[in-house]
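Inside the fold
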Amino acid sequence: MWSTEKAVYKYRVDPEVYMAAKRSNVVDVVPKVIHHVYVSLDPISKLGPHSVSKTPPERLGNGICVRSCRVTYNPGYKYVLWGDKEIYDFLVQNNYTWFLELYNSYPYPISRVDSLKYLILYHHGGIYLDLDDVCLGNFDSLLRYDVFATKSDPFGFFNDFFGARPRHPFFKQLVEQLPRYNRWYVLPYLNVMLSAGPLYYMVQYGLYPEKSERMANLFNSTWHLQTGRCGGGAWHTRETLLVYHVYDHSFRYLLLVAVVCLSTLVYCLYRRGTCNC
């Protein structure tokens, strides 16, 4: 039984950014559309003309997470569920055939979904939300931003909940740079994170030259509560735990590396002095 008690991520808007946008009296630019994606999890399944959309299980398709958004907090929004068939038709009808080849080339289904999020928001605009995200507030206050996303811990950005106005140049960059970053990064975790996932978003955000107060970063807090999680993370593997372990104990590992390097240097100097005697 999923409940809001399992919501562990809580997001707020940076107060300074929020107030700056509010003072500017700008109109809402992000459409009131929430996009969900549910695709085949078979890594060898390829998107094509015969693709058939699958119905999400009850806990995702009509569970407390989705209902909290559709009924409780954001009943006036349009909801779009993207399945395999809808994705294929969208790519073909809008001349994104090059993206279809890229989409099918990803070895992990989660990377396909991650890459698709950027294209959907670039083309249509709106808000992307994972099916296992629970809404804890109304999204209207976020619609004034050109782009909003959520910083993650320990690094990067969460990409389970973000939004943008249509055709924003930053999301154009996110889409255009995907082929360049679609490569092998040794560990499956790094492949997912860097090819199209949260670390990819972080890198592209760092490279984007035209940041402004209309691009809001959301932070973990209870000040401006919007969404939480009631499950998810199914793609995480042992490599994920390894990366977080190294990060949490980074000082110890750096100290160990320094000791090993210093010991190696001392040994080499000793051997060199011994050979010269």
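Rules of the game
- Residues numbered from 1 in each chain as written.
- Predicted model: local features only at pLDDT ≥ 70, side-chain atom pairs only at ≥ 80, totals over all residues.
- Heavy atoms only, no water.
- Helix = DSSP H or I, 4+ residues; strand = E, 2+ residues; numbered from the N terminus.
- Buried < 20%, exposed > 50% of the residue type's maximum accessible area, 1.4 Å probe, protein only.
- Contact = heavy atoms within 4.5 Å.
- Areas by Shrake-Rupley, 256 points an atom, 1.4 Å probe, with all protein chains shown as cover.
- Arc of directions from axis to C-beta.
- Axes fitted to C-alpha atoms, helices over the stretch in contact; angles between N-to-C directions.
- Parallel < 35°, antiparallel > 145°, perpendicular 65-115°, else oblique.
- Left-handed = near helix turned anticlockwise from the far one by under 90°.
- Nonpolar A, V, L, I, M, F, W, Y, C, P; charged D, E, K, R; others polar.
- Salt bridge = Lys/Arg side-chain N within 4 Å of Asp/Glu carboxyl O.
- Disulfide = S-S within 2.5 Å.

**Re the overall build of the protein**
The number of helices and strands found in the protein is 12 helices and 9 strands. Here the protein, with 277 residues, has 46% of them falling under the buried criterion. For the protein, restricting intrachain contacts to residue pairs at least 6 apart in sequence, the fraction spanning at least 24 positions comes to 82%. A total accessible area of about 14600 Å² is found for the protein, and carbon and sulfur atoms account for 58% of it.

**Considerations on helix α4 (residues 84-93)**
For α4, the set of buried residues is D84, I87, Y88, F90 and L91. All buried residues of α4 project into a common sector of 165° when viewed along the axis, lining one side. Summarising the contacts, the buried residues of α4 are in contact with β2 (33-37), β3 (78-82), α5 (97-105) and α6 (109-124). Just downstream of α4, N95 is the residue with a positive phi angle, here 60°.

**Examining the packing of helix α9 (residues 188-195) against helix α10 (residues 198-207)**
Contact geometry of α9 with α10 gives a least axis separation of 4 Å together with a crossing angle of 40°. The orientation of α9 with respect to α10, classified from their angle, is oblique. For the crossing formed where α9 meets α10, the hand is right-handed. Listed contacts from α10 to M193, L194 and S195 of α9 are P198, L199 and Y200. Of the residues assigned to the contact of α9 with α10, the class counts are 5 nonpolar, 1 polar and no charged.

**A closer look at unusual backbone geometry**
Phi is positive for N95, which is not a glycine, with a value near 60°. Assignment of secondary structure puts N95 in the loop between α4 and α5. Exposure remark for N95: the relative accessible area of 62% places this residue in the exposed category. Backbone geometry at R167 places phi at a positive 60°, although glycine is not the residue there. With respect to the secondary-structure elements, R167 resides in the loop between β7 (157-164) and α7 (169-176). For R167, a relative accessible area of 43% puts it in the partly exposed group.

**A closer look at the pattern of salt bridges**
Enumeration according to the criterion identifies 7 salt bridges in this entry. Note that K117 and D130 form a salt bridge whose closest N and O atoms lie 3.8 Å from each other. With K117 in helix α6 and D130 in the loop between β4 (126-129) and β5 (133-135), this residue pair connects regions lying 13 residues apart in the sequence. The pair formed by K117 and D130 is uniform in burial state, with each residue classed as buried. A network of salt bridges, in which partner residues are shared, links D114, K117 and D130.

**Re the side chain of S40**
In this fold, S40 is placed in the loop between β2 and α2 (58-61). By relative accessible area, which is 10% here, S40 ends up buried. When residues no more than four places from it in sequence are discounted, the contact partners of S40 are S45, K54, D84 and P109.

**Focus on the state of the cysteines**
On inspection of all chains with the given rule, the structure shows 1 disulfide. Across the disulfide from C69 sits C135; the S-S distance is 1.9 Å. Note on the C69 and C135 pair: the S-S dihedral is about 90°, so by sign convention the disulfide is right-handed. Residue C69 is located in helix α3 (residues 64-73), and its partner C135 is located in strand β5; the two are separated by 66 residues in the primary sequence. Accessibility classification places C69 together with C135 in one group, the buried group.

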